[in-house]
Amino acid sequence: MNPQLLDILCCPVSKMPLRLLRSDELTAINAARSHDDQDHVALTAGLITRDRRMAYRIEDDIPVLLADEAIAIADIAGFPEN
């Protein structure tokens, strides 16, 4: 993702800055989503708020910053610590 774009993106709900998800965070989200929905498509990239409360998927290099499609991190058991 373009670093300049990442610098201006923010959460549509909290207006908190975003950063790219780490691989361990993606793994935790995908594991939780596959447990809840067998037909889900695994995330290959995503963004997370700096306060680590919400995550958003990236599809075809385009961030999907829709509030109703955000992933609540508090709902994911075993989400990695900082």
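These numbers come from a predicted model, not from an experiment. (Residues numbered from 1 in each chain as written. Predicted model: local features only at pLDDT ≥ 70, side-chain atom pairs only at ≥ 80, totals over all residues. Heavy atoms only, no water.)

Visitor: What is the right way to read the pattern of salt bridges from this model?
Guide: Two side chains bearing opposite charge may form a pair once their charged atoms approach each other closely. Throughout the structure, instances matching the rule amount to seven salt bridges. For the salt bridge of Arg-19 with Glu-25, the shortest nitrogen-to-oxygen distance reads 2.8 Å. A salt bridge links Asp-51 to Arg-53; the shortest N-O distance between them is 3.9 Å. One network of salt bridges, with partners in common, ties together Arg-19, Arg-22, Asp-24, Glu-25 and Arg-52. (Salt bridge = Lys/Arg side-chain N within 4 Å of Asp/Glu carboxyl O.)

Visitor: Help me understand unusual backbone geometry in this model?
Guide: Glycine aside, residues mostly have negative phi, and peptide bonds are mostly found in the trans state. A positive phi angle, near 65°, is found at Lys-15, a position not held by glycine. Within the secondary structure, Lys-15 sits in the loop between α1 (3-8) and β1 (18-20). Unusually for a residue other than glycine, Arg-52 sits at a positive phi of about 65°. Relative to the helices and strands, Arg-52 is located in the loop between β2 (46-49) and β3 (54-59). According to the relative accessible area criterion, Arg-52 is buried, its value standing at 17%. (Helix = DSSP H or I, 4+ residues; strand = E, 2+ residues; numbered from the N terminus. Buried < 20%, exposed > 50% of the residue type's maximum accessible area, 1.4 Å probe, protein only.)

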